[in-house]
Amino acid sequence: MKSLILHTATRLMIGILILFSLFLFFRGHDEPGGGFIGGLVGAGAFTLYAIAFGTDLTRKVLRVDPITLIALGLASLVVSGVIPLITADPFLTGKWLFLEWGNSDIKLSTPLLFDIGVYLCVVGFIVTVIFSLEEEN
Amino acid sequence: MDTILPIIAGAIFASGIYLLLRPSLILTIIGIILISNSVNLALFTLGRISTENPPLIAAGSVMPEVPFANPLPQALILTAIVIGFGLLAFALALAYRSYKELGTVDQDQLLKDPEDTSTAIVNNTDNTEKRDV
Amino acid sequence: MNGFLVFPIIIPLIVATLALLFRKSSVMQRWIGVTGMVILLASVIVLFRDVYVDGIQVLQLGDWDAPFGITLVGDMLSMLMLGISAVMGLIIAVYSLYDIDKERERFGYYPLLHILLMGVNGSFLTGDIFNLYVWFEVMLIASFILLALGNSKNQLQGALKYVIINLFSSLLFLFGVALLYGMTGTLNMADLAQRLPEVENVGLVTTVSMIFLVSFGIKAAIFPLFFWLPASYHTPPVAISAIFGGLLTKVGVYALIRVFTLLFTQDIGYTHTILMWVAGFTMVIGVLGAASHYEFRKILSFHIVSQIGYMIMGLAFNTALGLMGAIFYVLHNILAKSNLFLISGIAQRLLGTFELKQMGGLYKHYPFLAVLFMISAFALAGFPPLSGFWAKLTVVKAGLAVEAYVLTATAILVGLLTLFSMMKIWLTAFWGTVPEKGVPEHFGKIALFGAGNLYIMVVPVMAVAGLILLVGLYAQPLLEVCLIAAEQLLNPSVYIEAVLGPQ
């Protein structure tokens, strides 16, 4: 779409939107938020870009094919589910790893991996749909 | 609330059925959307509504403040909404595609039985030739 | 706890992920697609042994105890269904190597096929009614895309009907789940089975059971909810038709068997009488529909409907013999029906059409194909000593045992009419003379096992025909296993105890 306002606003917005989506994603660890809603906002950013600059440029910005994003997301989901099988726990059991780094605790866990998978799948799915509808015209 | 919400859900369901029976494909899909929302509303109502604390565990404690709301219906609805979202996105894309391909949204014409399905296998010859090499 | 129970679900998921990652290379796709099916089959065999030896196997996902978490339950019925789905998956994957074109492969045919199987396997394994809804949706979304993949006019028309009616049926299912949750406060099927008898309002429970009957009935294509099936199943490529016609409707039948033996047994006099009527009408209407059509796959689609009637009939009797017959019928029907679809695909490759009026001469030029067709068609019609005979015999015996004479007579009559439609195909496509025009040049020239790579399609068909013969000639072991499954179904306390622990 050719519109100076949209172009300028999009350049400003895309960074904020992606940052906000990551914020929502990490916040989801203990509070409302999480991979799904974060992924929706992230997909919103790329959708906006696709409307403003067309899908070819968006593909360049995204660097990865959206379907590959879905595949990577699924892979991450599978890995998060399979990790507990190593210790003979049922599929999808939550496993946690607490690390201390300076003053802060870092909590790594299979639910986090699962959430990353959800995030990637949501972004990939929505961007795929938007791209194929946009490229139709 | 316990009496109003089921009535609203029923009304939305009925409107959905009405739209489902309209000839236009788009109205049919909107009907499905309405029914989907009314079912979610029913699921929400059937999980019992009450004014209680949100089922979130504050930092440092091991359980939410009693009395807390039942989180399960909300989890179920969220799942149902996400699934419904994916399915409806697909249904809309399909409707759009059919409109482009068949040039109408009137279901009487759209849904006539396909005449000859032998052509469904596209690139038939192309496929066999390549594999012979 | 049996960690293996999750494998029939995650193996297709892993395979689909890998196939998506390597979607650019069609060689990789094919290797991954077929190898994945082999691994799936192996894992199911291991599980089957566990269940056969040690009884019902249970897995609490995420280590959350029942009834709070999601439970996977493998009883004999689940295992039999899983086994047949894995076998069909492998057969279809091999058949697809030739049948599915490059374009569809590029758009993700193999990942979708595996996701479809994941949904089907998940439905067979889950012990949670809401989770069953989720697996149904996984299966549906994959089937939607498979049906529409390729975007030809016919497919879009077929897909629209299929999508809309199935969306509606899923929503009804969800509504039923909501009512169940409102009545009992639980979603775990074993827990539900325990608490539903305590609900005072029996009428309400029966109403919910009817909602489930309509919802699963749409998916299983019972009378009067089957019209979408013959209108859509003959539009996609044959490999997809075959897996849809073979497996997907049977998932609906599985769900019906599960809920009407485990959950809704309060008012058997009412619900199971309705099931009997439905079974009778489904059989008759389906077979009459088939008699009036002249398109190869459309005839087969109507026969799916008709055969579903037999399965519902076995379920409606609610006796060990009836359920055993129903389960055996499902297994036999998946084999015979899918094989007929696959054969119709080979015939189409040779003659260039599915219209019976433009077909002919297959027997003269391809006698081996005719033999394969005859085995499957006679099995479908219930000729001894093929698999269909034992299936029909068990159902009929069950009918006589409960003195449902009219329904049993209908079942036998419908068997004859089935033979009539199969004869129609045989007389035109196989015994008929080669049509004068419109026959592709290669007809009669390329051999089944010749240079044309057609053998990739013929070998899976041979394998299934072999299975039909094996099941027919050596039916006793399978019948016994079906009887174990039926007895487990009739005694829900075993299921409940396996899931919730000793009461």
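All residue numbers refer to positions counted from 1 along the written sequence of the respective chain. Chain letters start at A and ligand numbers start at 1, both assigned in the order the entries are written. In view of the model being predicted, local features appear only for residues whose pLDDT reaches at least 70, and side-chain atom pairs are presented and counted only at 80 or more, with totals across whole chains, interfaces and linings using the full set of residues.

1. Considering the overall build of chain A
And then number 1: Each helix is a run of H or I in the DSSP string that is no shorter than four residues. Each strand is a run of E no shorter than two, and both are numbered from the N terminus. Across its full length, chain A holds five helices and two strands.
And then number 2: Order of helices (α) and strands (β) in chain A, N terminus to C terminus: α-α-α-α-β-β-α.
And then number 3: Considered along the principal axes of its C-alpha atoms, chain A spans approximately 55 × 35 × 25 Å.
And then number 4: Contact between residues is assigned whenever the C-beta positions, reconstructed from backbone atoms, fall within 7 Å. A separation of at least 24 residues holds for 64% of the contacts in chain A among residues at least 6 apart in sequence.

2. Looking at the overall build of chain C
And then number 1: On a plain count of helices and strands, chain C comes out with 21 helices and two strands.
And then number 2: The globule rule used here is 2.2 Å times the number of residues to the 0.38 power, and the radius of gyration it is set against is calculated over C-alpha atoms. A globule of 503 residues ought to have a C-alpha radius of gyration of about 23 Å, and chain C, at 22 Å, matches this closely.
And then number 3: Its C-alpha atoms put chain C at 70 × 55 × 40 Å along the principal axes.
And then number 4: The burial criterion counts other C-beta atoms lying within 10 Å of a residue's C-beta, which is placed from the backbone; the residue is buried at 20 or more, exposed at 12 or fewer, and partly exposed between these limits. A burial count over chain C gives 65% of its 503 residues as buried.
And then number 5: Relative to all contacts within chain C whose residues are 6 or more apart in sequence, the contacts with residues 24 or more apart total 79%.

3. A closer look at the interface of chain C and chain A
And then number 1: Contacts between chain C and chain A engage 15 residues on the former and 15 residues on the latter.
And then number 2: Elements supplying a minimum of two residues to the side of chain C that touches chain A: helix H1 (7-21) and strand E1 (57-60) of chain C.
And then number 3: Think of it as three bins: nonpolar holds Ala, Val, Leu, Ile, Met, Phe, Trp, Tyr, Cys and Pro, charged holds Asp, Glu, Lys and Arg, and polar takes everything else, Gly as well. Partitioned by chemical class, the residues of the side of chain C that touches chain A number nine nonpolar, four polar and two charged.

4. Some details on the environment of Leu27(B)
Residue and element names in this part refer to chain B.
And then number 1: Relative to the helices and strands, Leu27 resides in helix H2 (residues 25-46).
And then number 2: For the pair Leu27 and Val105, spaced 78 residues apart in the sequence, the C-alpha separation amounts to 9.5 Å.
And then number 3: Apart from the residues lying within four places of it in its own chain, the contact partners of Leu27 are Leu19 and Arg22.

5. A short note on the pairing of strand E1 (residues 96-101) of chain A
Residue and element names in this part refer to chain A.
And then number 1: Counting buried residues along E1, only zero of its six residues qualify, which leaves the element largely exposed.
And then number 2: Think of it this way: DSSP has to see at least two bridges between two strands before they count as a pair. Bridge analysis of E1 against strand E2 (residues 104-109) gives six bridges, and the strand direction is antiparallel. By the bridge assignment for E2, Leu99 is matched with Ile106.
And then number 3: Linking E1 to E2, which pair antiparallel, is a turn of two residues; within it Gly102 sits at a positive phi near 65°.

6. Brief notes about the nonpolar core
Residue and element names in this part refer to chain C.
And then number 1: Any nonpolar core is a set of buried residues, restricted to Ala, Val, Leu, Ile, Met, Phe, Trp, Tyr and Cys, that join up through C-beta atoms within 7 Å. Of all hydrophobic cores here, the largest spans 268 residues; its most connected members are Leu80, Ile312, Leu315, Ile327 and Ala485.
And then number 2: Per element, the largest residue contribution to this core is 19 residues, and it comes from helix H14 (residues 320-351).
And then number 3: Those residues in contact with Ile312 that lie beyond four places of it in its chain are Ile222, Leu275, Val278, Ala279 and Thr282.

7. Points about the packing of H1(C) against helix H2 (residues 26-54) of chain C
All names here are of chain C.
And then number 1: Helix axes are fitted only over the stretch in contact, all axes being lines through C-alpha atoms; the angle between N-to-C directions runs from 0 to 180 degrees. One can describe the packing of H1 onto H2 by two numbers: an axis separation of 9 Å at closest approach and a directional angle of 170°. With respect to H2, the element H1 is oriented roughly antiparallel. Contact with H1, carried on its side by Phe7, Pro8, Ile11, Pro12, Val15, Leu18 and Ala19, involves Gln29, Ile32, Gly33, Gly36, Ile39, Leu40, Ser43 and Val44 of H2 and no other residues of that element.
And then number 2: Looking at side-chain class alone, the contact of H1 with H2 contains eleven nonpolar, four polar and no charged residues. Should an angle fall under 35 degrees it is called roughly parallel, over 145 degrees roughly antiparallel, and 65 to 115 degrees roughly perpendicular, with every other angle called oblique.

8. Some points on the interface of chain C and chain B
And then number 1: Across the contact, 45 residues belong to chain C and 37 residues belong to chain B.
And then number 2: Among the elements of the structure, helix H4 (102-106), helix H6 (129-148) and helix H7 (153-184) of chain C are those that each provide at least two residues to the side of chain C that touches chain B.
And then number 3: Taken together, the residues of the side of chain C that touches chain B break down into 23 nonpolar, 15 polar and seven charged.

9. Details of the packing of H1(C) against helix H5 (residues 109-125) of chain C
All names here are of chain C.
And then number 1: For the pair H1 and H5, the least separation of the axes is 8 Å and the interaxial angle reads 165°. Judged on the interaxial angle alone, H5 and H1 are roughly antiparallel. Where H1 crosses over H5, the handedness of that crossing is left-handed. Counting all contacts with H1, which are made through Pro8, Ile9, Pro12, Leu13, Val15, Ala16, Ala19 and Leu20, the residues of H5 involved are Tyr110, Pro111, His114, Ile115, Leu117, Met118, Asn121, Gly122 and Leu125. By the definition used in this description, the sense in which the near helix is turned from the far one sets the handedness, with an anticlockwise turn below a right angle giving left-handed and a clockwise turn giving right-handed.

10. Re helix H3 (residues 71-102) of chain B
And then number 1: How far a helix is expected to stretch is found by multiplying one less than its residue total by 1.5 Å. Here H3(B) contains 32 residues, and its C-alpha end-to-end distance of 46 Å stays within 8% of the 46 Å for a straight helix at 1.5 Å per residue.
And then number 2: Listed as buried for H3(B) are Pro73(B), Leu76(B), Ile77(B), Ala80(B), Ile83(B), Gly84(B), Leu87(B), Ala91(B), Leu94(B), Ala95(B) and Ser98(B).
And then number 3: Tucked inside the fold, the buried residues of H3(B) contact H2 and helix H4 (107-110) of chain B together with H6 and H7 of chain C.
And then number 4: Just downstream of H3(B) lies Gly103(B), where phi reads positive at about 75°.

11. Quick notes on H6(C)
Residue and element names in this part refer to chain C.
And then number 1: For H6, which comprises 20 residues, the first-to-last C-alpha distance of 29 Å matches the rise-based estimate of 28 Å (1.5 Å per residue) to within 8%.
And then number 2: Of all 20 residues making up H6, 19 are buried, and the element is well covered by its neighbours.
And then number 3: Positive phi shows up at Gly150, right after H6, with a value of about 115°.

12. Let's talk about the confidence of the model for chain C
And then number 1: A score from 0 to 100, pLDDT tells how confident the predictor is in each residue. For chain C, per-residue confidence averages 89 on the pLDDT scale, and 100% of positions sit at 70 or higher.
And then number 2: Quick note on the complex model: pTM equals 0.92, ipTM equals 0.90.

13. Remarks on the environment of Ile11(C)
Residues and elements named next belong to chain C.
And then number 1: Along the polypeptide, Ile11 turns up in helix H1.
And then number 2: In this structure, the C-alpha to C-alpha distance between Ile11 and Ala447, residues 436 residues apart in sequence, is 37 Å.
And then number 3: Discounting chain neighbours no more than four positions away, the residues touching Ile11 are Gly36, Ile39, Leu40 and Ser43.

14. Observations regarding unusual backbone geometry
Residue and element names in this part refer to chain C.
And then number 1: Along the chain, Phe223 connects to Pro224 via a cis peptide bond; the corresponding omega equals -5°.
And then number 2: On the secondary structure map, Pro224 appears in the loop between helix H9 (202-220) and helix H10 (228-232).
And then number 3: Look at the link from Pro384 to Pro385: it is a cis peptide, with omega at 5°.
And then number 4: On the secondary structure map, Pro385 appears in the loop between helix H16 (367-381) and helix H17 (387-401).
And then number 5: Here the phi dihedral of Glu403 falls at roughly 60°; this positive angle occurs in a residue that is not glycine.

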